[in-house]
Amino acid sequence: MKLKTIFAVLPLALLAGCLSAPFQPPAGVVSVTRAPLSTEGNWNVGSKRGEASSTSILGLYATGDCSIGAAAYNGKLKKVDHVDYEYLNIIGIWQKATVIAYGE
């Protein structure tokens, strides 16, 4: 019984750190995708921008803060008008997600 429980829980534990996004980027051995993260608002791309990133190695270790707040702070933005994201994947060994905030 314990063995069945382990095999039932193990896949869920391995998938717990998977990246989810508003749209599914194309998969490949090497993937670099940029797309909008926010679809509402005035789409006024401001004169300033800020970026925030997080990375993952082998899907086992992940670090970083890729929140909109961190991107706004890094770009010294007081108002965020539009947000994009960029996703980089190299054979699942190294992944990087970057949030790009535009505003004033």
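Along every chain, residues carry numbers that run from 1 in the direction the sequence is written. This being a predicted model, a pLDDT of at least 70 is required before a residue's local features are given, and a value of 80 or more before pairs of side-chain atoms are given or counted; all residues contribute to the totals for chains, interfaces and linings. Side-chain figures throughout are based on the complete set of non-hydrogen atoms in the structure, without hydrogens or water.

**Examining the environment of glutamate 51**
The line we're drawing: Note on conventions: DSSP H or I runs of at least 4 residues are helices, E runs of at least 2 residues are strands, and numbering of each starts at the N terminus. In this analysis, two residues are considered to be in contact whenever any of their non-hydrogen atoms come within 4.5 Å of each other.
Its location among the elements puts glutamate 51 in strand S2 (residues 48-57). For the pair glutamate 51 and tyrosine 73, spaced 22 residues apart in sequence, the C-alpha separation works out to 8.8 Å. Residue contacts for glutamate 51: discarding those within four places in its chain leaves Ala71, Asn74, Thr98, Val99 and Ile100.

**A closer look at the side chain of serine 54**
Locating serine 54 in the fold gives a position in strand S2. Look past the residues within four positions of serine 54 in its chain and what remains in contact with it is Thr63, Gly64, Asp65, Cys66, Gln95, Lys96 and Ala97.

**Some points on a nonpolar patch on the surface**
The line we're drawing: Candidates for patches are residues over 30% relative accessible area with no salt bridge; among them, like charges are joined within 9 Å and nonpolar side chains (Val, Leu, Ile, Met, Phe, Trp, Tyr) within 5 Å. Using the Shrake-Rupley algorithm and a 1.4 Å probe, accessible areas are obtained, with residue cover drawn only from the displayed protein chains. Salt bridges are defined by distance alone: a side-chain nitrogen of Lys or Arg within 4 Å of a carboxyl oxygen of Asp or Glu.
Residues Val29, Val30, Val32, Ile57, Leu58, Leu60, Tyr61, Ile90, Ile91, Ile93 and Trp94 make up a contiguous nonpolar surface patch of about 1100 Å² in total accessible area. For tyrosine 61, the location among the structural elements is in strand S3 (residues 61-64).

**Comments concerning unusual backbone geometry**
Of note in this structure, leucine 58 is not a glycine but carries a positive phi near 60°. Its place among the elements puts leucine 58 in the loop between S2 and S3.

**Quick look at the sheet that holds S3**
Under the convention used in this document: Two strands pair under a simple rule: DSSP has to find at least two bridges between them. Geometry is summarised by axes, namely lines fitted to C-alpha atoms with helices restricted to the contacting stretch, and by angles between N-to-C directions that run from 0 to 180 degrees.
Pairing is antiparallel in the open sheet, where 5 strands are placed in the order S1-S4-S5-S2-S3. The outermost strands of the open sheet, each flanked by one partner alone, are strand S1 (30-36) and S3. When strand polarity is set aside, the average angle formed by the axes of neighbouring strands in this sheet is 15°. Relative to strand S5 (residues 94-103), strand S4 (residues 80-90) runs antiparallel, the two sharing 10 bridges. When the sheet's bridge partners are listed, tyrosine 85 is paired in S5 with valine 99.

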